[in-house]
Each structure stands twice: as C-alpha cells, then as structure tokens.
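# Residue-level structural notes
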Amino acid sequence: MDGYGGTILRINLTDKTIKKEPTDPGVMEKFLGGRGFGIYTLYTEVPRGADPLGPENKLIASTGPLSGVLVPGAGKMDWTTKSPLTGGYASSSVGGMLTAELKQAGYDSIILEGVSEQPVYIFIDDDVVEIRDASPYWGMGCISLEKKLKDELGEEFQIACIGPGGESLVKYACISHDWGRQAGRGGVGAVMGSKKVKAIAVRGTKDIPLADVEGLIKHGRALFKACKDAPAMEAWQRYGTTSVVSWCDENGALPTRNFQAGAFKEGKNLYGEVMRQAIVKTDKGCFACPSPCGKYSYSKKHDLYVEGPEYET
Ligand code: SF4
C-alpha cells in the first residue's frame, strides 16, 4: 500500500498484549490522514460515556499518507482521544521527527488501550516492540527524560513523553517531543498519564513504499520552492511565532495580565525583530518543514542556551 507503513500497532496496557494489525486500505482511503484515522478509530472503538481517563478510552497516535516523505508539512503526527478537558474528541498534532520515524519503522498508527498498573514506556525499534518498565523515569520532566532515553537507547530514537503534569492527570497536559515540541490540545498528555505510559521511543530504518519516487521528488521540490518563495513566509521563517507579536501589540491583542489589557509599555521588547537581534542564535525546524519556526537563543545575562522564544504556538 503505497505511502503507508502497512501496520497498525495495537497495544493493550491492561493485559500487556501487542498486536500488529494490517492497515485497512478502505479505511485509509475513506478517512484520509492521521486525524481521519484517529477520529474513525475513536468513533468506532470507544463506547459512548467512556471516562476519558479510564481504561475504555484510547489514545491514537497516527501518521498520514505523506508522513515521512519530502513534501512540506509531512512531519506532523496526530494524537486523537476523548478529551478529559472537554468530554469531546481531542485531536492534537505535534511536529518534530516522530511521525517520520514511526512510518519508517513500518507503522501507520499506535493505538494505546487499557490502563497499566505500573509506569511503562513503549519501545519500538523497527519490528521489535516492547512494553518496558518506566518506574525509574516516573516524576521526571520531559526534557530530562528525552535526554536520558536518548543516552540509554541511542541518539536516533525519537521520544514522545509526558512530564509530571501528565502523570498527575492535569486536564490540559501535553505530550512533549523533540526538546519542546508539544501535542498541546485537549489534554492528550493526561490520557497518556492515565494509562501510565511515560514515553514512546521509536527508531525506524525502513523505506516507505512509494508509487512514483521521481514524481514525488519533482512535486515535493516545487512545493518547497513555492513555500520558500512566498512573501508571507519570510517573517515566519525569520521570527517564527514571534512574528505576530508586533501586530498583536499594535492592535491591542497582546494578552497582558491575563488579558486585563491588550498591550503594555515594554511589549516592544518582545517583538520578533527585537529578539532576533538580541538573543536568537539559529533556527530549528521539524521534519520536512520549509519554514522553521523554532529558534535557539542565548541569554548572556544568565549564560544560558534555550529553545525559543515562542508566542502562542
Ligand atoms: S518548524 Fe514550526 S512551522 Fe515548521 S512544522 Fe515545525 S512547528 Fe510547524
């Protein structure tokens, strides 16, 4: 099945079973993309009235048919679940490298179901899939854990994990990946925490089956060029999400003191243009992104390198 890994991973945390199911071409065609598959699975498999933080809810991490190939926007992974925050469905996407890695391991989606009694993490190394003990990592923050797992497993493993917020079932908790990229909507991190899954670590080394490699390269290149050349993208590439701060400030839409005001005197110091000059050192982009909005900055005052700044990502 061109464009797909061909396998869905179904991992039951209650009875610790791992099933590899063939990806259904009919479903993928009808419910296109990672989000389509996630919503289809949620709708057909999670019963009405299920507790979002209980064993009946599922957390579905999905790629799409373009994930992992070189076309703009092919680096997003979708996380779908029943939201503990709203009671409705949550669909949250994250960039980084995870979706490409999962597809290259041969999987289109991971369906996490049930609830583990002990903290665990999911280890995926191409065909090897294991549920491993995560007790030593419980309580760790996401950045520290990502570093630790990469140190232990190998730099090339891509990590998605939760921090203490997800463990404590904070209803808006994120799933973190790639040193600060977040699946931040709907409390997907709380659902991962309710299943006691601290992290997912993935390494994939396979080729993705493609129908027309040359055609894909040709059209992918044209799309990258169109994105790079688009005037509207210039500010986004240079300043990232902070490119909108000046507009918000000038139009009274800069959230200030919990939105008691829409601007403040020192707001100009937060403009993307100012920070680019003052602290930003270089750019960071997700897989196959033509407009890297991520920034790395250095604070001389604190002698500290950080990722950011970001504005309302
Ligand atoms: S670098 Fe920024 S714009 Fe590009 S995919 Fe990642 S989050 Fe989106």
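About the cut-offs
- Residues numbered from 1 in each chain as written.
- Predicted model: local features only at pLDDT ≥ 70, side-chain atom pairs only at ≥ 80, totals over all residues.
- Heavy atoms only, no water.
- Near = heavy atom within 4 Å.
- Nonpolar A, V, L, I, M, F, W, Y, C, P; charged D, E, K, R; others polar.
- Pairing = 2+ DSSP bridges.
- Helix = DSSP H or I, 4+ residues; strand = E, 2+ residues; numbered from the N terminus.
- Axes fitted to C-alpha atoms, helices over the stretch in contact; angles between N-to-C directions.
- Contact = heavy atoms within 4.5 Å.
- Phe/Tyr/Trp six-rings, centres within 6.5 Å; stacked < 30°, edge-to-face > 60°.
- Buried < 20%, exposed > 50% of the residue type's maximum accessible area, 1.4 Å probe, protein only.
- Lys NZ or Arg CZ within 6 Å of the ring centre and 35° of its normal.
- Expected span 1.5 Å × (residues − 1).
- Arc of directions from axis to C-beta.
- Domains from an automatic or database assignment.
- Buried area = accessible area lost by both parts, 1.4 Å probe.
- Salt bridge = Lys/Arg side-chain N within 4 Å of Asp/Glu carboxyl O.

## A short note on the site of the ligand
The environment of the ligand is formed by K76, R181, W236, G285, C286, C289, S291, P292 and C293. Class assignment of the residues belonging to the shell around the ligand gives a composition of 5 nonpolar, 2 polar and 2 charged.

## Structural notes on the sheet that holds strand β14 (residues 294-299)
Here 3 strands make up an open sheet; going across it, the order is β13-β14-β15 and the pairing antiparallel. Of all the strands in the sheet, just β13 (280-284) and β15 (304-307) have a single pairing partner and so form its edges. This sheet shows a mean twist of 20° between the axes of neighbouring strands, independent of strand direction. With 4 bridges joining them, β13 and β14 adopt antiparallel strand pairing. Across the sheet, residue D283 finds its bridge partner in β14, namely K295. Sheet contacts for helix α8 (residues 231-239): β13 and β14; angle to β14, the most-contacted strand, approximately 40°.

## A closer look at the side chain of R181
Within the secondary structure, R181 is located in strand β11 (residues 181-183). Not counting residues up to four positions away in its chain, the partners in contact with R181 are V94, G96, I175, S176, K284, C286, C293, G294, E307 and E310.

## Structural notes on the sheet that holds strand β8 (residues 128-133)
Strand-to-strand pairing in sheets goes through backbone hydrogen bonds, with the strands running parallel or antiparallel. As summarised here, the arrangement of the 6 strands in space is β8-β7-β12-β9-β10-β11, forming an open sheet in which the pairing is mixed. The open sheet has two free edges, formed respectively by β8 and β11, since each of these has just one partner strand. Strand-to-strand twist in this sheet, taken as the mean axis angle between neighbours without regard to direction, amounts to 20°. Two elements, strand β9 (residues 158-161) and strand β10 (residues 175-177), share 2 bridges in a ladder whose sense is antiparallel. Looking across to β10, one finds that C161 is bridged to S176.

## A look at the packing of aromatic side chains
Under the counting rule described, the total for this entry stands at 4 aromatic pairs. Taking 5.9 Å as the distance between ring centres and 65° as the angle between the ring planes, the aromatic pair formed by Y121 and Y137 counts as edge-to-face. Note that Y121 is positioned in strand β7 (residues 120-125) and Y137 in the loop between β8 and α4 (142-153), a separation of 16 residues in sequence. For the pair shown, Y121 and Y137 are each scored as buried. The side chain of R132 reaches across the aromatic face of F123, ending 3.7 Å from its centre.

## So, α4
The end-to-end C-alpha distance of α4, which contains 12 residues, comes to 16 Å, matching closely the 16 Å that a straight helix rising 1.5 Å per residue would cover. Within the sequence span of α4, burial applies to C142, L145, E146, L149, K150 and L153. Viewed end-on, α4 has its buried residues packed into an arc of 130°, placing them on one side of the element. Considering only its buried residues, α4 is in contact with β7, β8, β9, β10 and β12 (197-203).

## Examining the domain arrangement of the protein chain
One can read the domain layout of the protein chain as domain 1 (7-203) and domain 2 (230-307). Computed from C-alpha coordinates alone, the two centres of domain 1 and domain 2 are separated by 29 Å. Domain 1 puts 16 residues into the contact, and the matching count from domain 2 is 9 residues. Between domain 1 and domain 2 the total buried area reaches about 890 Å² when both faces are included, carbon and sulfur atoms providing 60% of it. Sorting the residues of domain 1 by area buried against domain 2 places M97, W179 and R181 first, and these three jointly supply 44% of that buried surface. Put simply, domain 1 and domain 2 have 2 salt bridges between them. One salt bridge connects R181 with E307, and the closest N-O pair in it is separated by 3.5 Å. Taken together, the residues of the side of domain 1 that touches domain 2 break down into 8 nonpolar, 6 polar and 2 charged.

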